[in-house]
Amino acid sequence: MLRRGLGLGLLLCAMTAEAAVEGPGRNQFIQAAPAHGKVHIDGKLNEEAWFQAPVFDAFVQRFPTAGAIPSERTELRVLYDSDFVYFGIVSRDSKPELIDRRLGRRDTSLTTDMVQLIIDSTHDHRTAYSFSLSAGGVHGDGLFYDDRNYTVDWDGVWDGATSSLPDGWVAEFAIPLSVLRFPASEVQTWGFSVRRQIARLNEEIESVDNPRTSNANVSRLGHLTGLKGLKPQRAVELVPYLATRGILRPQFSDESVPRPRLVDPTLDVGLDMRAALTSELALTATFNPDFGQVEADQLILNLSTFEAFFPEKRPFFTQGLELFQAVGSSTGQVPQSLFYSRRIGLETPILGAAKLTGTVAKGVEVGLLDALVTGPWLEQDEEHPDRHWRMYSSRPLHVGPNSSLPTNPQPPTNFLAAVARGSVGENSRIGATFTSATPLARRCTPEEAALDEDDQPAECLARGGLAAAADFDLATSNGEYGVLGQVDGSRTVGGLPERLLPDGTVLRPGTTGYGGYLRAGKFGGEGFRWDVAYDFSSPTLDLNATGYQRTQNEHSAQGWLGYQRPNGIGPLRGLSVNLGGGSSLTSDGRGINRGSWMNFNSTLTLPSFDSVGLEAGTNVGGYDIRELDDTGVPLQREVSTFAALFWETNGNRTLSLKGFLALGHHDRGPAPGAWGWGGNLALSLRPHPALETRLEVTTDRTEFAPRFVDRLGDFRFLLGNLQSNYLSFTLRQQWVLRPHLTLQGYAQLFTDYGVYGPFFEAESDAARSPIRFSAMRPTEGGPGDNFYDVALNLNVVLRWEYRLGSTLFFVYTRSQQGLPTPEDVTAPATLLPRRMFSGPATDAVLLKWSYYWTA
C-alpha cells in the first residue's frame, strides 16, 4: 500500500508542478531545486523535497523513431545541496511485469531497462560525465569526449539506488560535487540530458531532441540550471591497497622441462590518489600499482610482420585516456598515435605514475602523464634458485624471494606524455602533443651491442624516443561535415647504436622522422556519407617508443562512399551500405606499390531488431617490403578475394547469437590457388537475471603465398607457401550475487598449426630488386619449419565493493602451455589440444584489499 500511495502522489505532483522546460536543444532549461533536509538514497523518493521539486516529462524518442512521442512516460526531478546533486527519475511502464531487471558487473553494457544522466558541468559543449542505473540496480559511469565519442573507462565514486512501483520503477542518484569539474559561479548552468532505455521495445528516449543521425552529442544537450551557491569541491581521495599472492611456476625457463615447480609468495602495498588542484584541474597518482585483477589478453595467432594492437585494461591508464588519444581514433585505429599506454609497465614494473588533467582556461584542456618504470632483476642459477628475501630500493613497496625476480635486465625508463587542446568555434578544436621515453642509463657501446642478445646489458635493451604532433578536428556546428588530421615527428633516443626496422630502414640514436594523416568528409546525417583519407610516414618515422604505429615508409590514400539510415527505412530498423578502396606506395623514393584493395559492406537491421550483413573485398597484389628478414627486398604479394556473411540477434533475448562466416580465394603465387575460410560464433545465455554465460568459438584457415623461411645468403632466401589454422574457444561466466558482489570466470583454449610447402628459392641483389613469383625456383624444405601450439588461460575473479569505492578481490589465474614439439620431430598438423597438460603451467592466487578515503 505504501508503494501504491507513493506512485499516486508522484503522479499528482507531476500534474500540478510547474513545467520546467523551454524549447528543445540549447534553448531547453530544466530547473533544479534546493534540497531542504537530508536525502536518503534508497530509490524511494519519499522525502518532502522530492514532492516540491519541479517535474520534467517532455521526453522524446531517440530510437527507433527520432522525435516521436515515447511509448511510456518518464518524470525527472533534480535537487541539490552543498555537497551533492540529486536526480530522481520515475520510469512509468504500462507492463511493469515485462521490465528487464537483469544484473551485470558495474560498467558492463547491459541491454536492460536503464536510465542515464549526461552532465556537461564545465559547459564546454565537448565533454560530459555519464552516470547510469539499470532497473536491477547496476551502476555504470563513463565519459563523453570530443562531443561525439564515449568511453566507459572513466570511473567516479557516487551513490544510487532503484526500487519498484506498481506502474514502473524509480532510479535515485546522488552525485558528489567533488566528482564533477565546474567553474566558480553564483548560479551554475550545465549541459544536461537524461536517456532512458526500454529493453523490450528496443526504445531509447531522451529529455532533449538528440537524434542518432547527428555526429554530435554533448553540444546538443539541453541545460540544467537553478544550481545556486555551489562551490567547487577540492577533495582529496586516497585508496591504499594491500595485495598478497602466491605463484606456482616451473623452476626452469626451458619450456621442455615443466617440472619441478616453485612457490613464490609476494606482498605488495601501494596507493592510488586523486586530488582537485583547482575547480577544473585534477591530479591522479599511483605508487606501486597492482593490476592482478585485470583479465589476461586474448590469445591470438599473428603471422604478419605488424605488431598486434591490444586494448588497455589497467584502471590508472583507462581513466582519462581519451584526452591522450590521437584525433580520429574513436572511429577506428589511426595510423599514427603518439601515446599507447601499454608501452608502460608490462615488462618492467611501474614504481610510480602521475596524471594531471583538466581545463586551464575556457575551452582549453590539458593532460600531463609521467610514469617511472624500474625494478630489480637477478641472474639466476636455475639449478639452485635463490630463496632469500630482500627489499630493493628500485621497488621498495614489493617483498618476495629473489627467485621471483626477472632474470633479464630491466632498463629503467621514464615515460612522459603531454597534450593540450583548445576549442575553436562551436564544434572544432586544435591541439598539440609531446611524448618521450627516456632511458635512465648510459648509452650502449658498440662492443656491448655486438654481444648475443641474451648477454647484452640493460643499456642495450632500452628503447627511447621523442615525438611531437600538432592536430586539428574541425567540424560544422551539427557535426555532419568535418576535416581532421595530425602532423607529427619523431627522434630515436638511446638503445643500440643501430637498429633495423622490418623494411631494412636503419635507426640510430638521433635519427628523426616525420609523418601525418588527414581525414575529410560527411560523417553524420541521414542518407549519403563520404570520406577521403591520406596517410604519410617517412621511412625513419618511429613513434613506437611511446605510441603505436603499425608501419612506416608509406603513402596511403583511400576513400569511402556510404548510405546510412540509422533510424531505419521502410520496414527496416536500420540500413548501412558502404563502398571503399585504397592504395599505398613506399615513401623512400622507390615508389613501390605496397598493395591496393576494394571493399563493400552492408548491414540491415530487421523489424525484429536482429541484424544481418554482407561484406566482400579484394586485395590486388603489390609488394611486401617487410617480409624478407629486415632487408627491405620487395616480395610480390598474392591476389586474394573474400566474402563474409555476418549476423547478430536482438541482445534483449534470453539467448542471443552473433557471428560471421567468411570464404576467400588466395592466388598463392607459384603454387596452385586455394580456398581459405573462417568463422566466429558467439553465444550469450541469460537464464536468470543474475547469471550470464558467453561462449565464443573462432576458427580460421588461411592459405598464404610464399613466406620467408630462411636466409641462404646476403640476398638469397628460402620461401614456402604456408597453410595456417587456428581454433579458439572462449568461455565467460558471470554470476551477480548482488550489484556490488560479482563472481566472473574466463577461460580460453587456443590451438594453432602451420604447414609450409611447397618451397622455393628466390634471389635479389644489392639494389634490392623486387622478387616476383615468376622468378622463384622450386626447391626442398624441411618439416622442422612447421609449427604447432596449444595454450589455456584461466581467470576467476570475485569482486566485492564492500563500501563505496572500497573493494576486495580474490583472483585465481592459470597460464598453461603445451609441451613443445622436439626439434627432430615434425609438428602435428591438428587442432586437437595435444600434450597440453604435460607442458609448463603457472598458477597464481591473489588477495587484494583496498580502502577508499576522502576528505
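Keep in mind that what you see is a predicted model, and the values were worked out from it rather than measured.

Enquirer: How should I be thinking about the overall build of the protein in this particular structure?
Expert: Summing up its helical and strand segments, the protein has five helices and 47 strands in all. Relative to the globule expectation of 29 Å for 855 residues, the C-alpha radius of gyration of the protein, 29 Å, shows essentially globular dimensions. In terms of its C-alpha atoms, the protein occupies a principal-axis envelope of roughly 90 × 65 × 50 Å. Within the span of the protein, comprising 855 residues, buried residues form 51% of the whole. Restricting to contacts in the protein with at least 6 residues of sequence separation, those with at least 24 account for 66%. As displayed, the protein has an accessible area near 36800 Å², and 58% of this comes from carbon and sulfur atoms. Charge separation in the protein, taken as the distance between the mean sites of 77 positive and 97 negative side-chain charges, equals 4 Å.

Enquirer: Help me out: how do you make sense of the nonpolar core in this one?
Expert: Note on soluble globular proteins: their nonpolar side chains tend to be buried together. Formed by 36 residues in total, the largest nonpolar core has its most connected members in Leu76, Phe87, Leu117, Phe131, Phe173, Trp190 and Leu224. Sorting the residues of this core by element identifies β4 (74–80), β5 (84–92), β6 (114–120), β7 (128–134), β11 (168–176), β12 (187–198) and β14 (222–228) as the ones contributing at least two each. The element best represented in this core is β11, accounting for four residues. Setting aside its immediate chain neighbours within four residues, Leu76 contacts Ile30, Pro54, Val55, Phe56, Phe59, Gly88, Ile89, Phe192 and Val194. Judged by nonpolar contacts, the second largest core, of 17 residues, contains Phe317, Ala353, Leu369 and Ala371.

Enquirer: I keep staring at the packing of aromatic side chains and nothing clicks. Help me out?
Expert: The description of an aromatic ring pair rests on the distance of the ring centres and on the angle between the ring planes. Using the criterion set out here, one finds 23 aromatic pairs in the structure. Between Tyr514 and Phe536, the ring centres sit 5.6 Å apart and the planes meet at 35°, which makes this aromatic pair tilted. On the criterion of sequence distance, the pair formed by Tyr514 in strand β28 (residues 512–522) and Phe536 in strand β29 (residues 527–537) is long-range, its members being 22 residues apart. The interplanar angle of 40° and the centroid separation of 5.8 Å between the aromatic rings of Trp560 and Trp597 together place this pair among those described as tilted.

Enquirer: I tried to follow the pairing of β6 on my own but got confused; where do I start?
Expert: A regular strand places its side chains on the two faces of the sheet in alternate fashion. Of all seven residues in β6, seven are buried; the element is thus mostly enclosed. Judged by which residues are buried, β6 turns out to be covered on both faces: Met114, Gln116, Ile118 and Asp120 on one side and Val115, Leu117 and Ile119 on the other are all buried. Two elements, β6 and β7, share six bridges in a ladder whose sense is antiparallel. Across the sheet, residue Met114 finds its bridge partner in β7, namely Ser134. Where β6 meets β12, seven bridges bridge the pair, whose relative direction is antiparallel. Residue pairing in the sheet places Leu117 in a bridge with Val194 of β12.

Enquirer: How do you make sense of the pattern of salt bridges when you look at a structure like this?
Expert: Proximity of charged atoms lets side chains of opposite charge pair with each other. Taken as a whole, this structure holds 42 salt bridges when the rule is applied. Across the pair Arg395 and Asp268 runs a salt bridge, and its minimum N-O distance is 3.9 Å. Pair noted here: Arg395 is in the loop between β20 (364–373) and β21 (398–399) and Asp268 is in strand β16 (residues 261–278), with a separation of 127 residues, a long-range link. The class of Asp268 is buried, set by a relative accessible area of 3%. The partner of Arg716 in a salt bridge is Glu761, with the nearest N and O atoms 2.8 Å apart. Here the residue Arg716 occupies a position in strand β41 (residues 716–738), and Glu761 occupies one in strand β42 (residues 741–763), the gap between them amounting to 45 residues. Relative accessible area serves as the criterion here: at 15%, Glu761 is assigned to the buried category. Here the salt bridges share partners, and the residues they tie into one network are Asp57, Arg73, Glu75, Arg77, Arg92 and Asp167.

Enquirer: Can you walk me through empty space enclosed by the protein in this structure?
Expert: Space left empty within the atom packing is revealed by a probe, the size of a water molecule, rolled over the atoms. This model, assessed by the stated rule, comprises five cavities of 30 Å³ or more. Taken as a whole, the second largest cavity holds about 540 Å³ of empty space. Together, 31 residues line the second largest cavity, and Tyr129, Trp154, Arg181, Ala282 and Thr357 are the ones closest to its centre. Those elements that place two or more of their residues in the lining of the second largest cavity are β8 (139–145), β16, β17 (281–287) and β19 (350–361).

Enquirer: Whenever I open this one, the sheet that holds β11 confuses me. Can you help?
Expert: Sheet strands pair via backbone hydrogen bonds, and the direction of the pair is either parallel or antiparallel. If you walk across this open sheet you meet the five strands as β2-β4-β5-β11-β10, and the pairing is mixed. Lying at the two open borders of the sheet, with one neighbouring strand each, are β2 (33–34) and β10 (159–165).

Enquirer: What should I look at first to understand the side chain of Asp503 in this one?
Expert: For Asp503, the position within the fold is in the loop between β26 (499–500) and β27 (506–507). For Asp503, which is buried and forms no salt bridge, the nearest opposite charge comes from Arg626, at a distance of 5.9 Å. A polar contact of 3.0 Å, which involves the side chain of Asp503, links it to the side chain of Thr505. If near-sequence neighbours (up to four positions away) are discounted, Asp503 is found in contact with Gln552, Asn553, Ile625, Arg626, Thr631, Gly632 and Arg768.

Enquirer: When you look at the confidence of the model for the protein in this model, what are you seeing that I'm missing?
Expert: Close inspection of predicted coordinates is inappropriate in any region flagged by low pLDDT. A residue-level look at the protein finds 96% of positions with pLDDT of 70 or above and a mean pLDDT of 90. At the low end of the mean pLDDT range in the protein sits helix α1 (residues 2–16), at 33; at the high end sits strand β46 (residues 841–850), at 97. In the model, residues 1–24 has pLDDT below 50 throughout and makes 46 contacts with residues more than four positions away in sequence or in other chains.

Enquirer: Sorry if this is basic, but what is going on with a nonpolar patch on the surface here?
Expert: Among the surface-exposed residues, Leu242, Leu267, Val269, Phe287, Leu397, Trp849, Tyr851 and Trp853 lie close enough to one another that they form a single nonpolar patch of about 690 Å² accessible area. Along the polypeptide, Phe287 turns up in strand β17.

Enquirer: It is not clear to me how unusual backbone geometry should be interpreted in this structure. Could you clarify?
Expert: Leaving glycine out, the prevailing phi sign among residues is negative, and the prevailing peptide bond configuration is trans. For the peptide bond that leads from Arg259 to Pro260, omega is 10°, which places it in the cis range. Position of Pro260 relative to the elements: it lies in the loop between β15 (236–250) and β16. Even without being glycine, His123 reaches a positive phi, approximately 55°. Mapped onto the fold, His123 is located in the loop between β6 and β7. Notably, Arg835 is not glycine yet its phi reads approximately 50°, a positive angle. Tracing the backbone shows Arg835 in the loop between β45 (806–817) and β46. Using a relative accessible area of 41% as the deciding quantity, one classes Arg835 as partly exposed.

What counts and what doesn't
- Residues numbered from 1 in each chain as written.
- Predicted model: local features only at pLDDT ≥ 70, side-chain atom pairs only at ≥ 80, totals over all residues.
- Heavy atoms only, no water.
- Helix = DSSP H or I, 4+ residues; strand = E, 2+ residues; numbered from the N terminus.
- Rg over C-alpha atoms; globule rule 2.2 N^0.38 Å.
- Buried < 20%, exposed > 50% of the residue type's maximum accessible area, 1.4 Å probe, protein only.
- Contact = heavy atoms within 4.5 Å.
- Areas by Shrake-Rupley, 256 points an atom, 1.4 Å probe, with all protein chains shown as cover.
- Lys, Arg positive; Asp, Glu negative; His and termini not counted.
- Charge placed at Lys NZ, Arg CZ, Asp CG, Glu CD.
- Core = buried A, V, L, I, M, F, W, Y, C linked by side-chain atoms within 4.5 Å.
- Phe/Tyr/Trp six-rings, centres within 6.5 Å; stacked < 30°, edge-to-face > 60°.
- Pairing = 2+ DSSP bridges.
- Salt bridge = Lys/Arg side-chain N within 4 Å of Asp/Glu carboxyl O.
- 1 Å grid on protein atoms, 1.4 Å probe; cavity = no way out; pocket = protein on both sides within 12 Å on 5 of 7 lines; lining within 4 Å.
- Points joined across faces, edges and corners; volume = space filled by probe spheres on them.
- Polar contact = N/O pair within 3.5 Å; in protein donor to acceptor, adjacent residues only side chain to side chain.
- pLDDT = per-residue confidence, 0-100.
- Patch = residues over 30% accessible without salt bridge, like charges linked within 9 Å, V, L, I, M, F, W, Y side chains within 5 Å.

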